[in-house]
Amino acid sequence: MAHAASLRPTVVMTYWEPVRRHGPEHLARLLADAGAAGMMVVDLPRDETLRWHHAAHAAGLSAPRLVPRATRDSDLPAAVDGASGWLYAPASTGPTGYQGPLDLTALGAFTQRLRGASPLPVVSGVGISSPGLAARVAPLVDAVVIGTPIVQALLSDPAPAAAVTASFAQALRTRIGAALDA
């Protein structure tokens, strides 16, 4: 963490079990001391939200919040309450690593609902398995998270992982450049 944070602002994504096991306050302090900018707990239990957000805030960490697309409008205020940094809107309702088609219309509508519930930026990931999909998702959100394709490249053969990362970055730069020219 300290090495990554020395290069760029770094936000950790994790599950509740390690946070629970180490204690939210203790883990938040450890990450902050290592230089983390924030931590998103993707399966944060509703009854632990206040405790986690307080621990993150006390440690100086942002606490982005994953908001499932199925969240009802009446539940959105509670779903975004206490979040900081950004709101995470999964591009797919499938699991991490999903590689199928994306319902971009539904993602766009959900992004608008989130923007109506919070001033925080909306970030998307999950299911963005190719540079082309990243370019199609980018106009709908404020940022795109690419995880599984890069991790898979690193695990199979680290040598071309930089090229995989560059292909996603190029697709996003091209899309952003085209939007600015329009």
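This text goes with the structure placed above it.
Residues numbered from 1 in each chain as written. Predicted model: local features only at pLDDT ≥ 70, side-chain atom pairs only at ≥ 80, totals over all residues. Heavy atoms only, no water.

## Focus on the overall build of the protein chain
Each helix and strand counted, the protein chain has nine helices and six strands in total. Nonlocal contacts in the protein chain, meaning residues at least 24 apart in sequence, comprise 64% of its contacts between residues at least 6 apart. Taken as a whole, the protein chain presents about 9700 Å² of accessible surface, with 60% of it coming from carbon and sulfur. Charge separation in the protein chain, taken as the distance between the mean sites of 14 positive and 13 negative side-chain charges, equals 3 Å. (Helix = DSSP H or I, 4+ residues; strand = E, 2+ residues; numbered from the N terminus. Contact = heavy atoms within 4.5 Å. Areas by Shrake-Rupley, 256 points an atom, 1.4 Å probe, with all protein chains shown as cover. Lys, Arg positive; Asp, Glu negative; His and termini not counted. Charge placed at Lys NZ, Arg CZ, Asp CG, Glu CD.)

## Quick word on the nonpolar core
Val 67, Leu 114, Ile 128, Val 137 and Val 144 are the most contacted members of the largest nonpolar core, which totals 26 residues. Residue contributions to this core peak at four residues, all from helix α6 (residues 104–117). Formed by 17 residues, the second largest nonpolar core is a distinct cluster that contains Trp 16, Val 19, Ala 55 and Ala 63. (Core = buried A, V, L, I, M, F, W, Y, C linked by side-chain atoms within 4.5 Å. Buried < 20%, exposed > 50% of the residue type's maximum accessible area, 1.4 Å probe, protein only.)

## Some thoughts on the packing of helix α3 (residues 24–33) against helix α4 (residues 49–59)
Two elements in contact, α3 and α4, have axes whose closest approach is 9 Å; the angle formed by their N-to-C orientations is 30°. Crossing angle aside, the handedness with which α3 passes α4 is right-handed. Across the interface between the two elements, Pro 24, Glu 25, Ala 28, Arg 29 and Ala 32 of α3 pack against Arg 51, Trp 52, Ala 55, Ala 56, Ala 58 and Ala 59 of α4. (Axes fitted to C-alpha atoms, helices over the stretch in contact; angles between N-to-C directions. Left-handed = near helix turned anticlockwise from the far one by under 90°.)

## A short note on the pairing of strand β1 (residues 11–14)
Side chains of β1 alternate between two faces, with Val 12 and Thr 14 buried and Val 11 and Met 13 left unburied. As judged from the four bridges shared by β1 and strand β2 (residues 38–41), these two strands associate in the parallel manner. When the sheet's bridge partners are listed, Met 13 is paired in β2 with Met 40. (Pairing = 2+ DSSP bridges.)

## Observations regarding the sheet that holds strand β5 (residues 122–124)
Pairing is parallel across the open sheet formed by four strands, whose spatial order is β3-β4-β5-β6. Each edge of the open sheet is held by one strand with a lone partner, namely β3 (65–66) and β6 (143–144).

## Considerations on helix α8 (residues 148–156)
All of the buried residues in α8 are Pro 149, Ile 150 and Ala 153. Seen along its axis, α8 keeps its buried residues to an arc of 100°; they face one direction. (Arc of directions from axis to C-beta.)

Shape is all these values report; function is a separate question.
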